[in-house]
Each structure stands twice: as structure tokens, then as C-alpha cells.
Amino acid sequence: MSAHHDHDHDEGSALPEIALRVKALESILVEKGYVDPAALDVLIETYETRIGPRNGARVVAKAWADPAYRERLRADAGAAIAEFGFIGRQGEHMIAVENTPDTHNLVVCTLCSCYPWPVLGLPPVWYKSAPYRSRAVIDPRGVLADFGVALSAGTRIRVWDSTAETRYLVIPMRPAGTEGWDEEALADLVTRDSMIGAGLAREPGAAS
């Protein structure tokens, strides 16, 4: 059910120390009045849920609208994503996996929080949490239910384990009723969680 990869996750071992340093620096800046905590929260939220994921949404929308691009994305995700200029650290080696009526893909990083920053922005807090990282592998259907995703009993759930070398982008299923939509309109239906596999694309008419 899961894709297991051997890797040393050197970057993951440093995350707790880095997180502590960032928190200490943030506390000092807030105390001295240099940083408004509310503004900082808004900034983080923007990069977590809007600017970063919008890149991935554009990629998915093009894959939905352009069969030739979808094939390029599935064959060599890194090269296809680079066509948009979305390249850089944490996105060097990408693999795109596509949801179908028979198979649903879910991405996790079991040892730390490897995440494709160029297309999804900052990882959400829950993606880095120990409960998600452990349960996604042993009980993916239960995890999806917690996110409000109910799949039929016959739908296979495939779990992909991100590594420092390889990261994944889920291509969610295109919602019905979007025939003839342009890529910009389609991108509005693509959510961050749907590109991790923890959610589905929005239905037409659903609020953003």
C-alpha cells in the first residue's frame, strides 16, 4: 500500500533545532516590537494556502485541459513543472501520480516533512505532525475520513512516502461539469489538500 524508499533524511534531523531557533527569534522580534504576530500569521497562511498551492493548481489545471501536457507530467514531472518556471530546492525530483475512479493517492513523509515547496508552498502543520505521518501509512482510509473524504469501498488507496530525493504531486480527478472551462477557472477548483491526496478538488460552484 505504501511506496517505501531508503533514504537518510539528513534534512529532517535538523528540523527541530531550526524550529526552536526560529521560534526564539520570533519571540525576540515580537518582544521588541519589530514583528506583529497577527501579520506574521497572515503571511504564513498566505504562503501555506494561497501563493504556493496556486503554482500547483496551475500545473493540475493544465494537465486537466491539455492531454499532451498531462502525459508529459506523468512521464517526467520535473521537466513538465519546469515549463512553468516552478523549480528550485525541495522540488528537484518530482513524480506526479494521478487519481482515478479506481485509485486514490495520498502523500506522506513518514520520517520528517519532505514537501514540494515550488508547487505547494509551505507544508501545513498537520502534514508534519506525528499522528498524520504514522496513521497515513497504517490507516489511510481513516485519515481520509478525518479530512472528510469518503471513498467507495472498492477504491484502492495508494500511499506515497516522500523523501529528501523524491517528492510527489497528486493530480486529483477533474470535477464533472467543467467541460470547456479554461485553465484559470479550473485552477480555482484545485486545493492544496487535493494535491497531497488529503482532499478532493472543489465542485463547480463551491466557495473557494
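As the structure is a computational prediction, the values presented were derived from the model and not from experiment.

J.: How should helix α8 (residues 130–138) be read in this particular structure?
T.: For α8, the set of buried residues is Tyr132, Arg133 and Ala136. Looking straight down α8, one finds its buried side chains confined to an arc of 100 degrees; they lie on one side. Counted as exposed and oriented over 90 degrees from the buried face of α8: Pro131 and Ile138. In this structure, the buried residues of α8 make contact with β3 (103–108), α7 (125–128), α9 (140–146), β4 (156–161) and α11 (192–196).

J.: Sorry, what's going on with the confidence of the model for the chain here?
T.: Detailed reading of predicted coordinates is not advised where the pLDDT is low. When pLDDT is averaged along the chain, the result is 84; 80% of the residues meet or exceed 70. Ranking the elements of the chain by mean pLDDT puts helix α1 (residues 10–13) last with 40 and β3 first with 98.

J.: Looking at this structure, how should I read the pattern of salt bridges?
T.: Side-chain pairs of opposite charge can arise whenever the charged atoms involved come near each other. For the structure shown, the criterion picks out 10 salt bridges. Its salt-bridge partner being Glu71, residue Arg74 comes within 3.8 Å of it at the nearest N-O pair. With a gap of three residues between them, Arg74 and Glu71 both fall in helix α4 (residues 67–75), about one helical turn apart. For Arg74, a relative accessible area of 46% puts it in the partly exposed group. Through salt bridges with shared partners, a single ionic network connects Arg70, Glu71, Arg74 and Glu98.

J.: How should I be thinking about the pairing of β3 in this particular structure?
T.: Counting buried positions over the six residues of β3 gives six, a clear majority of the element. What you see with β3 is no split at all: Thr103, Asn105 and Val107 on one side and His104, Leu106 and Val108 on the other are buried throughout. Note: β3 against β4, six bridges, orientation parallel. The partner of His104 across the bridge, within β4, is Ile157.

J.: Help me understand the environment of Gly121 in this model?
T.: Mapped onto the elements of the fold, Gly121 is located in the loop between α6 (117–120) and α7. Taking the C-alpha atoms as reference points, Gly121 and Gly52, 69 residues apart in sequence, are found 3.6 Å from one another.

J.: Is there a simple way to think about the packing of aromatic side chains in this case?
T.: Applying the stated criterion across every chain, the model contains eight aromatic pairs. Judged by centre distance (6.3 Å) and plane angle (70 degrees), the ring pair of Trp126 and Tyr127 falls under edge-to-face. By relative accessible area, Tyr127 is classed as buried at 1%. A centroid spacing of 5.2 Å and a plane angle of 40 degrees characterise the contact between Trp160 and Tyr168, whose relative ring orientation is tilted. The buried category is assigned to Trp160, whose relative accessible area is 12%.

J.: Explain the nonpolar core to me, please; I cannot follow it from the model alone.
T.: Nonpolar side chains in soluble globular proteins tend to end up buried together. The biggest cluster of nonpolar side chains holds 45 residues, and the ones touching the most others in it are Trp64, Leu73, Ile81, Tyr132 and Leu169. With six residues, the top contributor of residues to this core is helix α3 (residues 37–65). The residues touching Leu169, leaving out its near neighbours within four places in the chain, are Val59, Ile81, Met94, Ile95, Ala96, Val97, Val119, Leu120 and Met195.

Reading guide: rules and limits
Residues numbered from 1 in each chain as written. Predicted model: local features only at pLDDT ≥ 70, side-chain atom pairs only at ≥ 80, totals over all residues. Heavy atoms only, no water. Buried < 20%, exposed > 50% of the residue type's maximum accessible area, 1.4 Å probe, protein only. Helix = DSSP H or I, 4+ residues; strand = E, 2+ residues; numbered from the N terminus. Arc of directions from axis to C-beta. Contact = heavy atoms within 4.5 Å. pLDDT = per-residue confidence, 0-100. Salt bridge = Lys/Arg side-chain N within 4 Å of Asp/Glu carboxyl O. Pairing = 2+ DSSP bridges. Phe/Tyr/Trp six-rings, centres within 6.5 Å; stacked < 30°, edge-to-face > 60°. Core = buried A, V, L, I, M, F, W, Y, C linked by side-chain atoms within 4.5 Å.

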